[in-house]
Amino acid sequence: MGKDILIRDQIFSTYDSLYDAEKKVADYVAGHQEDVINMSVAELAQNCATSQATVIRFCKKIGCEGFHKLKLKLAGEQSKQEELAASNEINIENMEQSLHNIMVSKVEEIKATFHNFDQKELRSIVDAVLGANLIEFAAMGNTIPIAMDGTYKFNQLGLHAVTSPMWETQEAFARTLKKGDVFFAISASGASKCLIRMAKIVKKQGGVTVAVTNQAKSPITEICDHVIITATREHIFYDQVSFTRMAAMAVIDTLFMLILSMKNDFFENVAEHERSVIEEKL
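None of these values were measured; they are calculated from a predicted model.

Enquirer: Could you give an account of the overall build of the protein chain, with specific residues and numbers?
Expert: The secondary structure content of the protein chain amounts to 14 helices and five strands. In the protein chain, buried positions account for 43% of the 282 residues. Of all intrachain contacts in the protein chain linking residues separated by at least 6 positions in sequence, the fraction that spans at least 24 positions is 63%.

Here you go:
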């Protein structure tokens, strides 16, 4: 195992090659790293309902000579993370600090986005999606990949979703939405003239409009029926720059998982699609 690879990442990269008993150890270590540091090999084996020999095999498979080496590496990783404080500096000459600063900002974006979630709003959006015949994801510029991702994931579920990298085609789709259909407007600024125009078109036709934006007070939030506020930390590093997509991607993933949990049919659709994809791989 490379010295710079975290134990958690090493576990994930070797997980598929582990035996079932070893996976129990992997799951426990990944989820209880601080606790494992203070355990004996017997205690860990007991918590995983497996044998001490299995624990030792697991350690070797992830590149540690034994359980003691595993604990030392876990303790070192924890100490290093605690000692390296975050700042707003990005300097390629100080790569370690810069990467840590970026990582902390990304984690904070995701945490803040989930903290912003209104559970009733999410449930209303999920219910609207489940009742729609057609769902459109619309976006401009660097948020277009989020719309593409949303369309892909919703189609995996067996829902009928559309988008396009061209705003003209997005607007053409918007004009086909009927009463009860759902329109997602994804905009960091919430001020895109094209998306605002499309949202008005959909509302006039009786569709449900959802804004996914960084800006709680913006033209798009004033128009849409439902609003999901995402968080950004890019301004910490550079003024007037906001190019993050992670928070909005997290919104798409959240809706996907919530909808997936609603019906077994959705899970079967995703599983069948994954089987088809696997068949295309070498």
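Enquirer: Describe in detail the packing of helix α9 (residues 144–156) against helix α13 (residues 246–260), supporting the description with residues and values.
Expert: Helix packing geometry: the angle between the two helix axes and the distance between the axes. For the pair α9 and α13, the least separation of the axes is 10 Å and the interaxial angle reads 10°. If you check the angle between α9 and α13, you find them roughly parallel. Judged by residue contacts, P145, I146, D149, G150, K153, F154 and Q156 of α9 engage A248, M249, I252, D253, L255, F256 and I259 from α13.

Enquirer: How would you explain the side chain of E22 if you had to name every residue and give the values?
Expert: Checked against the element boundaries, E22 lands in helix α2 (residues 20–31). A distance of 2.8 Å separates polar atoms of two side chains, one belonging to E22 and the other to K61. Ignoring any residue separated from it by four or fewer positions in sequence, one finds E22 in contact with T54, R57, F58 and K61.

Enquirer: Provide a residue-level description of the environment of Q78, including the pertinent values.
Expert: Within the secondary structure, Q78 is located in helix α6 (residues 67–83). Exposure remark for Q78: the relative accessible area of 26% places this residue in the partly exposed category. When the C-alpha atoms of Q78 and Q33 are compared, they prove to be 8.8 Å apart, with 45 residues separating the residues in sequence. Filtering out sequence-adjacent residues up to four positions away, Q78 remains in contact with E34 and I37.

Enquirer: If you had to explain the packing of helix α10 (residues 167–174) against helix α11 (residues 193–204) to someone new, which residues and values would you point to?
Expert: Packing of α10 against α11 brings their axes to within 9 Å, and their N-to-C directions diverge by 15°. By the angle between their directions, the pair α10 and α11 is classed as roughly parallel. Two packed elements cross with a definite hand, and for α10 against α11 that hand is right-handed. For the pair α10 and α11, the contacting residues are W167, Q170, E171 and A174 in the first and C194, L195, R197, M198, I201 and V202 in the second. Residue composition of the contact of α10 with α11, by class: seven nonpolar, one polar and two charged.

Enquirer: So what about the pattern of salt bridges? Which residues, and what values?
Expert: Evaluation of the coordinates by the stated rule reveals 10 salt bridges. Among the salt bridges present, the one from E77 reaches K73, with a minimum N-O distance of 3.6 Å. Within this pair, E77 and its partner K73 are both found in helix α6, separated by four residues, close to a single helical turn. Residue E77 shares its accessibility class with K73, and that shared class is buried. Between R175 and E171 there is a salt bridge, with the nearest N and O atoms lying 2.9 Å from each other. Look at R175 and you get partly exposed, because its relative accessible area is 46%.

Enquirer: Before we move on, can you summarise unusual backbone geometry with the specific residues and values?
Expert: Trans is the common state for peptide bonds, and a negative phi is the common state for residues other than glycine. Phi is positive for A49, which is not a glycine, with a value near 55°. Position of A49 among the secondary structure elements: in the loop between α4 (41–47) and α5 (52–61).

Enquirer: Hey, could you go over a nonpolar patch on the surface for me, with residue numbers and the actual values?
Expert: On the surface, I90, I92, M95, L99 and I102 cluster together into a nonpolar patch covering about 450 Å² of accessible area. Here I102 shows up in helix α7 (residues 95–116).

Enquirer: Which residues make up the nonpolar core, and what values go with them?
Expert: Core analysis: the largest hydrophobic core is formed by 33 residues, its most contacted members being V129, I135, F137, F154, V182 and F184. Every element with two or more residues in this core is listed here: α8 (119–130), β1 (135–139), α9, β3 (182–186), β4 (208–213), α13 and α14 (264–279). Per-element tally for this core: the top contributor is α13, with seven residues. Residue contacts for F137: discarding those within four places in its chain leaves A147, G150, T151, F154, A161, V162, T163, F184, I186 and I252. In this structure, A26, I37, V55 and F58 belong to the second largest nonpolar core, which totals 22 residues.

Reading the values: rules and limits
Residues numbered from 1 in each chain as written. Predicted model: local features only at pLDDT ≥ 70, side-chain atom pairs only at ≥ 80, totals over all residues. Heavy atoms only, no water. Helix = DSSP H or I, 4+ residues; strand = E, 2+ residues; numbered from the N terminus. Buried < 20%, exposed > 50% of the residue type's maximum accessible area, 1.4 Å probe, protein only. Contact = heavy atoms within 4.5 Å. Axes fitted to C-alpha atoms, helices over the stretch in contact; angles between N-to-C directions. Parallel < 35°, antiparallel > 145°, perpendicular 65-115°, else oblique. Polar contact = N/O pair within 3.5 Å; in protein donor to acceptor, adjacent residues only side chain to side chain. Left-handed = near helix turned anticlockwise from the far one by under 90°. Nonpolar A, V, L, I, M, F, W, Y, C, P; charged D, E, K, R; others polar. Salt bridge = Lys/Arg side-chain N within 4 Å of Asp/Glu carboxyl O. Patch = residues over 30% accessible without salt bridge, like charges linked within 9 Å, V, L, I, M, F, W, Y side chains within 5 Å. Areas by Shrake-Rupley, 256 points an atom, 1.4 Å probe, with all protein chains shown as cover. Core = buried A, V, L, I, M, F, W, Y, C linked by side-chain atoms within 4.5 Å.

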